[in-house]
Amino acid sequence: MNETVTLCNGIWLRLKRRGRWEYAERTNPGGGVMIIALTAEDKLLFVEQYRPALECMTIEMPAGLVGDVPESATENAIEAAHRELIEETGYASARIDFIMSGPTSAGMSNEILAFVRAHDLTRVNEGGGDETENITVHEVPRKDAARWLVEKMTAGYSVDPKMFAGLYFLEHDEMIHKR
């Protein structure tokens, strides 16, 4: 068996090598959470923000790290989703359901992402993220969401492919919750 060597320790990531395989580890034990949020007007919430790693604007569903702030260090994915949804979009959710979790990039990282669905949304503030973020919230009619995402890609935005998985989960909600 190959020895594991730590190459670099950061605040949020650790770079490791095992044999000839290099990979990143998340240092927060809770992974991440992505929120599929639909308003009472049947509009899907997307967030737009600059991502330094990509050096461009991205379109994503509201999301965040689980347990990334000291006062929330022991939270689970559902609790993080409640917090992140308000922080990023300004909407609170009366109920958030867990859909599934899995690796974001199994060949490069140990990060696990939970997909959740937010129900019964109420606008409580303007959103836009915390003091380190500059998030624009987009409310897109569900029926137009896939086309809108493709238009954003054509306009030069980086669109997270997981958005399309989120649309699938939204359209197949009954089947997913029967399991």
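How each quantity is defined
Residues numbered from 1 in each chain as written. Predicted model: local features only at pLDDT ≥ 70, side-chain atom pairs only at ≥ 80, totals over all residues. Heavy atoms only, no water. Pairing = 2+ DSSP bridges. Helix = DSSP H or I, 4+ residues; strand = E, 2+ residues; numbered from the N terminus. Axes fitted to C-alpha atoms, helices over the stretch in contact; angles between N-to-C directions. Contact = heavy atoms within 4.5 Å. Salt bridge = Lys/Arg side-chain N within 4 Å of Asp/Glu carboxyl O. Buried < 20%, exposed > 50% of the residue type's maximum accessible area, 1.4 Å probe, protein only. pLDDT = per-residue confidence, 0-100. Phe/Tyr/Trp six-rings, centres within 6.5 Å; stacked < 30°, edge-to-face > 60°.

### Description of the sheet that holds strand E7 (residues 63-65)
By way of backbone hydrogen bonds, the strands of a sheet pair with one another, either parallel or antiparallel. Pairing is mixed across the open sheet formed by four strands, whose spatial order is E7-E4-E9-E8. The open sheet terminates on both sides in strands that have one partner only, identified here as E7 and strand E8 (91-103). Averaged over neighbouring strand pairs, the angle between their axes works out to 25° when direction is ignored. The sheet contact formed by strand E4 (residues 32-37) and E7 spans three bridges and is antiparallel. Following the sheet pairing, Met 34 is matched in E7 by Ala 63. In the packing of helix H1 (residues 77-89) onto the sheet, contacts are made with E4, E7, E8 and strand E9 (112-123), and the angle to E8 comes to roughly 125°. Helix H3 (residues 162-171) contacts E4, E8 and E9 of the sheet and is inclined by roughly 60° relative to E9.

### Description of the pattern of salt bridges
Evaluation of the coordinates by the stated rule reveals 16 salt bridges. When the shortest N-O distance is used, the salt bridge between Asp 97 and Arg 95 registers 2.9 Å. A relative accessible area of 18% means that Asp 97 is categorised as buried. Relative accessible area serves as the criterion here: at 39%, Arg 95 is assigned to the partly exposed category. Between Glu 139 and Arg 123 there is a salt bridge; the shortest N-O distance is 3.1 Å. Residue Glu 139 is found in strand E10 (residues 136-141), and its partner Arg 123 is found in strand E9; the two are separated by 16 residues along the sequence. On the basis of relative accessibility, which here comes to 37%, the residue Arg 123 falls in the partly exposed class.

### Examining the confidence of the model for the protein
Residue-level pLDDT values for the protein average 90, and 97% of them are 70 or greater. By mean pLDDT, the top-scoring element of the protein is E10 (97), and the lowest-scoring one is helix H4 (residues 173-178) (65).

### A word on the packing of aromatic side chains
Applying the stated rule across the entire model yields three aromatic pairs. Ring geometry for Phe 46 and Trp 148: centres 5.3 Å apart, planes at 15°, overall stacked. Of the two residues, Phe 46 sits in strand E5 (residues 43-51) while Trp 148 sits in helix H2 (residues 145-154), which places them 102 residues apart along the sequence. Trp 148 shares its class with Phe 46; the two are buried. When the centroid spacing of 5.0 Å and the interplanar angle of 75° are considered together, the rings of Phe 115 and Phe 169 count as edge-to-face. Here the residue Phe 115 occupies a position in strand E9, and Phe 169 occupies one in helix H3, the gap between them amounting to 54 residues. An aromatic cluster is defined as three or more aromatic residues linked by ring pairs; in this entry it consists of Phe 115, Tyr 168 and Phe 169.

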